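Residue-level structure breakdown
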Amino acid sequence: MTDRVVGHYRILEKIGAGAMGEVFRARDDRLGRDVAIKLIKPASSENPDHVRRFELEARAAAALNHPNILAIFDVGTEGASPYIVSELLEGQTLRQRLAKGPLTSREAVELAIQITHGLTAAHDRHIVHRDLKPENLFLTNDGRVKILDFGVAKLQPRPDEKRSLENLTTVTKHGAVVGTVAYMSPEQLRGRSVDHRGDIFSFGAIFFEMLAGARAFRGETEVDTMTAVLREEPAAEALNQAAVPLAFQDIIKHCLEKEPEDRFQSARDLAFALQTVSAPGKETASWRPVSPFLKALPWSLAAFLAVAALALIAALVTRPSATQPAYARLTFEAGTIYSARFAPDKSIVYSAAWNNKPTQIFSTVANSLVSQPLQITDATLLGVSRTHELALVLHGSHSGQLETVHGMLARGPVAGGSPREILSDVRWADWDPKGELAVVHYVDGESRLEYPIGKVLYQSTGWISNIRFSPSADAIAFMDHPALWDTRGTVRILDLADIASVRTLTRDWDFESGLAWSPDGKEIWFTAVEKGNNLVLMAVSRAGNLRTLLALPVAMTLEDVDSDGRVLVSLNSKRLNIGYTDFNRKEDLDLSWHDWSSPRDISSDGKSVLFEDSSEAAGAGYSVDLRRTDGTLPIQLGEGSAGGLSPDGKWAISISTRHAHQVTLLPVGEGQSRTIDIASLQAINNGWARFLPDGKRIALIGEEAGHGRRCYVVDVSNGSARAVTPENVVCGPLSPDGNSLIGTGANQSLAIYSIVGAQSRSIPNLKNNFVAVQWSTDGRFLYGYHWGELPGEVYKVEISTGKESPVHELKPGSPAGVVLIAPVVVSRDGKHFAYSYNQTLSSLQLITGIH
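Calculation notes
- Residues numbered from 1 in each chain as written.
- Predicted model: local features only at pLDDT ≥ 70, side-chain atom pairs only at ≥ 80, totals over all residues.
- Heavy atoms only, no water.
- Core = buried A, V, L, I, M, F, W, Y, C linked by side-chain atoms within 4.5 Å.
- Buried < 20%, exposed > 50% of the residue type's maximum accessible area, 1.4 Å probe, protein only.
- Helix = DSSP H or I, 4+ residues; strand = E, 2+ residues; numbered from the N terminus.
- Contact = heavy atoms within 4.5 Å.
- Phe/Tyr/Trp six-rings, centres within 6.5 Å; stacked < 30°, edge-to-face > 60°.
- Lys NZ or Arg CZ within 6 Å of the ring centre and 35° of its normal.

Now for the nonpolar core. Counting 52 residues, the largest nonpolar core has F203, F207, M210 and L274 as its most contacted members. Contributions of two or more residues to this core are made by α3 (94–98), α4 (105–124), β9 (137–140), β10 (145–147), α6 (196–212), α7 (222–231), α9 (246–255) and α10 (267–277). For L274, the residues in contact, after removing those within four places along its chain, are V109, A112, I113, T116, F203, F207 and I251. The next biggest cluster of nonpolar side chains, apart from the first, holds 19 residues, and it includes Y338, V773, V824 and Y837.

Below is the structure:
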């Protein structure tokens, strides 16, 4: 078999075999790396069921991208036999490791947490493994677990689908038993429908074996083993003899409940429980059982939320003690929490958008499971004064960072009544002890910290967020973000006795959101993370000393801290998804990849979408990717922030996130990338750069020393750049002849600017919130959308008159928690549309015991 070539992979040696296929080490000569290639056995290639299972394994695994799941590089067919190409692993299976004896509790829980993280990624894609066992868990030499073999995987229905599990694609007829008996759930053995909770049962059996060194269910025959799974409990004596901590025994028992409703309801919940009880000082802790109220909640709601961490944390964490926090969940609806504050009477006031309804103000107390609406709708809470007065933002729309833009600051009593409007475009506010407001006011493209209103203490061309007075009102803490809409930034403090001095207390965070003062005013508590989206609760002193207060395996945002030290957080699942549609589709296509992707351009035939992946998986430099609309996996073209495609579709623009004066042209097919050095200016990697129709020049947003941002035309051959708009006017769509472009100025005003030197001209009767994204082929219309509009719609505007008409509605598959639809891209012919939608699903949690 060696020296055989399959596709463009040269077979080197056989390294394994399974029921249906054989695995070989192979050499990918194109990329100069060794890979693993799995070929279906000749006997199996003639078995339609085996072929379907083999193909399903490829599709299921390829749909997943996670460090704890085997990475699939390629699929293909050699003659009539399919093959799968994956990463080459070095190490041993868990079965091989268990042959040497049980693992220590620490080793077992470290591996178990990785397994649950991999399962979470699969379940989030509605894929159930159904054959989880030690043979399908690989331990790499660097200590990482990889889940293998999705050959009997099954797709779950999406929460919004009407179809039953039985009607979805599967690899066997309904009622057939697939998997390995000793690790199969009771419902799977009985031939019933199996969902993600079947994998949790299998995990429990594996975790038992890792700790005890013996199988949880074992009989002399396969029938005896099946009977044990269906009717018996695993032997607790084996765990006791192995000195397994009670907390781990409790988790195993909860995984191995015979009824799915009695188990952990998601892999995220399970991971949370494992991480909680394995934390230092918690080896003998025990989780609390799920309350009857939560058992009454339908699983469809939890699946719909897609946030396992939104299950009541009290059901997962250890019993409270003097050294560990206690948790209470306060909200149970599907949607997004925008802000929350403690009121002086210890009640809690918050703003949320539940069940696809507009934002509303609610009130609750810590020991209640019910929230009361305050009859204030289309409003976001900013603060609660010591005299029970609310600071609100009315109307407006929400950015992806959940702040309200283009809204109206108002104040009103907690007891009810109509709010009184004060000032437009205020995005953050906080009350001082005397009832005076400090605000973040957006004026002429700048974010201004004003206190009192009208007196500017600090301003930024980026954005300021989360302003909070210290308990003694001698200082204001806030988050400073250098780039507009970018979550990166630092925590800063402004001493009100010396307003000219603003000090930076922390390093730059990749993502920061949520801030409040400690009860004694000596520290600022905030949530931030150096990489990724799972914010950690941190504390920094006025002198800049930093410490970690709380890290959870889910994303949390600090909302408030009261004088008793109670902490209010929102737990969030946040994604930036990609949708695609055209006039022939009844349902929008999901082109999402990882958890933070946004489209930048559409190919001329509408069959490919260029997008930027800025997720944790993409790395610090981001990546430029191309995905076809036929559902095949994306192609990573290179690193950087994505721009647009060349007129012939052969090149994509990448603006470097590492080198400010560098733009790269990435080949879409074969070829080598071309780097353009633009020494005269700094290119802004905000996601907008386009080729002119001649393919020899690109337009992009840049900044020269001593000048504001504006639009430049850059010669591809030598990097020379020429400004084509005034300062503070950035680029928009290019005309089909390449002689004009749409420039966006302060307050999102649009005008037509000539690239060849003619005078600019306005577009009459244009609505203020219209965002132009494409110029029509005939030059008569602009395609675009309204910022903040939900549900989203694409419009076309007649340039000569400003007359606007709707073109196509944008309909994300799961609308709950959709905060913003943006950016939107449209093909030149106005027939194909791609868009991002920010989906944030939240629950409000009260935490005590943090010090």
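Attention now goes to the packing of aromatic side chains. All told, the structure shown has ten aromatic pairs when counted by the stated rule. With 6.5 Å between their ring centres and 65° between their planes, Y350 and W354 make a pair best called edge-to-face. A single burial state applies to Y350 and to W354, both of which are buried. Following the ring pairs from residue to residue traces out a cluster consisting of F203, F207 and F248. Over the aromatic face of F73 sits the side chain of R33, whose NZ or CZ is 4.0 Å from the ring centroid. Directly above the aromatic system of Y442 lies the positively charged group of R427, at a separation of 3.9 Å from the ring centroid.

P452 follows Y451 through a cis peptide bond whose omega is -10°. Geometrically, the link from L790 to P791 is a cis peptide bond, its omega value of -5° lying close to zero. Here P791 shows up in the loop between β56 (781–786) and β57 (792–798). One non-glycine residue, A243, adopts positive backbone phi at about 55°. For A243, the position within the fold is in the loop between α8 (236–241) and α9. Phi at D378 is positive, roughly 55°, even though this residue is not glycine.

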